[in-house]
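# A look at the structure
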Amino acid sequence: MDMQNCTLCPRLCHVDRTKNYGICHASDKVEIALVSLHQWEEPCLSGTNGAGTVFFSHCNMRCIFCQNHEISTEGKGFPVTIERLAQIFLEQQARNAHCLELVTPTHYVLQIIEALKLAKKQGLSIPVVYNTSGYERVEVLEMLKDYIDVFLPDFKYYSPDTAKEFSHAPDYPQVVKKAIDKMFELVGKPQFKDNIMQKGVIIRHLILPWYYKESIKIVKYIWETYHDDVYLSLMNQYTPMYKALTHPKLKRKLTTFEYDKVVDYALDLGFKNCYIQQGKTATTKFVPHFDGTNVY
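The structure contained in this document is the topic of the report that follows. Since we're looking at a predicted model, the values are computed, not measured.

Counting 84 residues, the largest nonpolar core has Ile32, Phe65, Phe89, Ile222 and Leu234 as the members making the most contacts within it. Setting aside chain neighbours within four positions, we find isoleucine 222 in contact with Phe155, Ile203, His227, Val230, Leu232 and Phe271. Counting residues in each nonpolar core, the second largest holds eleven residues, with Cys44, Cys99, Val150 and Tyr275 among its members.

Applying the stated criterion across every chain yields a total of zero disulfides. For the unlinked cysteine cysteine 6, the closest cysteine sulfur is that of cysteine 24, found at 6.2 Å. A relative accessible area of 10% places cysteine 6 in the buried class.

Our next topic: the side chain of serine 57. By the secondary structure assignment, serine 57 is in the loop between strand E2 (51-56) and helix H2 (69-72). Using a relative accessible area of 0% as the deciding quantity, one classes serine 57 as buried. Within the structure, the side chain of serine 57 is placed 2.7 Å from the backbone oxygen of lysine 76, a separation counted as a polar contact. Sequence-distant contacts of serine 57, that is, excluding residues within four places in its chain, are made with Glu31, Ile32, Ala33, Ile71, Lys76, Gly77, His107 and Tyr108.

This next bit is on the environment of leucine 250. Its place among the elements puts leucine 250 in the loop between strand E9 (231-235) and helix H9 (256-269). Linking leucine 250 and leucine 34, residues 216 residues apart in sequence, is a C-alpha distance of 27 Å. Setting aside anything within four residues of it in sequence, one finds leucine 250 in contact with Ile64, Phe65, Phe166, Leu208, Pro209, Tyr238, Pro240 and Ala244.

Inspection of the secondary structure assignment puts alanine 169 in the loop between helix H6 (160-167) and helix H7 (172-187). A relative accessible area of 0% places alanine 169 in the buried class. For the pair alanine 169 and glycine 75, spaced 94 residues apart in the sequence, the C-alpha separation amounts to 20 Å. Discounting residues that sit within four places of it in the chain, alanine 169 has contacts with Arg11, Tyr135, Ala163 and Lys164.

A few words on H6. Turning to H6, its buried residues are Thr162, Ala163, Phe166 and Ser167. Taken down its axis, H6 places every buried residue within 100 degrees of arc, on the same side. Seen from the buried face of H6, the exposed residues on the opposite side, beyond 90 degrees, are Asp161 and Lys164. Tucked inside the fold, the buried residues of H6 contact H7 and helix H8 (212-226). Sitting at the head of H6, serine 159 places a side-chain oxygen 3.1 Å from the backbone nitrogen of aspartate 161. One or two residues past the end of H6 sits histidine 168, with phi positive at roughly 55 degrees.

Backbone geometry at histidine 14 places phi at a positive 60 degrees, although glycine is not the residue there. Assignment of secondary structure puts histidine 14 in the segment before strand E1 (30-38). If you check the backbone angles, aspartate 194 has positive phi at about 55 degrees while not being a glycine. The topology assignment puts aspartate 194 in the loop between strand E7 (191-193) and strand E8 (196-206).

Turning our attention to the pairing of E8. Most of E8 sits out of view: eight of its eleven residues are buried. For strand E6 (residues 150-153) and E8, the ladder comprises two bridges, and the chain directions are parallel. By the bridge assignment for E8, phenylalanine 151 is matched with valine 201. Hairpin connection between E7 and E8: a loop of two residues separates the two successive antiparallel strands, and aspartate 194 in this loop has a positive phi of roughly 55 degrees. The pairing of E8 with E9 spans five bridges and is classified as parallel. Looking across to E9, one finds that leucine 206 is bridged to methionine 235. In this view, the connection linking E8 to its parallel neighbour E9 by way of H8 has right-handed handedness.

What counts and how
- Residues numbered from 1 in each chain as written.
- Predicted model: local features only at pLDDT ≥ 70, side-chain atom pairs only at ≥ 80, totals over all residues.
- Heavy atoms only, no water.
- Core = buried A, V, L, I, M, F, W, Y, C linked by side-chain atoms within 4.5 Å.
- Buried < 20%, exposed > 50% of the residue type's maximum accessible area, 1.4 Å probe, protein only.
- Contact = heavy atoms within 4.5 Å.
- Disulfide = S-S within 2.5 Å.
- Helix = DSSP H or I, 4+ residues; strand = E, 2+ residues; numbered from the N terminus.
- Polar contact = N/O pair within 3.5 Å; in protein donor to acceptor, adjacent residues only side chain to side chain.
- Arc of directions from axis to C-beta.
- Pairing = 2+ DSSP bridges.
- Right-handed = clockwise from strand over helix to strand, strands pointing away.

Okay, here's the thing in structure tokens:
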């Protein structure tokens, strides 16, 4: 697998990324928008010091409500070499981050693996977290088995029609199920040290306005497939942004009724390993400032 015939994601663009762009709009050169200590991730990742996030530019999804659209679709970012990327990983560890969190990494998997090899030779030892949309090829995930400790996938949609309308990816539901199966196979049940996850899978689901019944189907599937062998993170932070601002259903925030319906269903099923959000999280103040901090 190489950049001359890119098949890193389910889009299977087959473009030569040394010369052209695929759907993700990324070249063969890594671009990063922000390197930070993130306090707002799940508690088992953020801990007291924060998760060591590295926000990669571009994305293989095309979600019309993306809160990170400035980097995912508009492409804001700053180029770095593989050697510099390895240094960034080590710098996050030196900042006492509880983990190294790779945000939207799919299209840079080959470069990330090389950077992780370099960083591990130089002492990188904190857990490495793969924060992804869940739109992943099993073959690519297999390449990560010696490099990723915690998988943090989204499970966005249960319906192909919803996935097509909001992310131009009607195959998303079948892809994400296979991807999460593979992630669980690679890292297994959750393992912790000092309340920080060292191994495991955390499945995120953002409830969308009007779509709580589809969310319930996702929660049911996860419970029936994994029970408490994975963690579930139910998110109420949906904030209308980007193209969603003019969408007839997505232009409003989630209601408390909609969110509580999904949470109550998860608890009634028996979920114990389930994160829920409380308070006012649906605000743009939680959207990072992608200003290149700590990239150079």
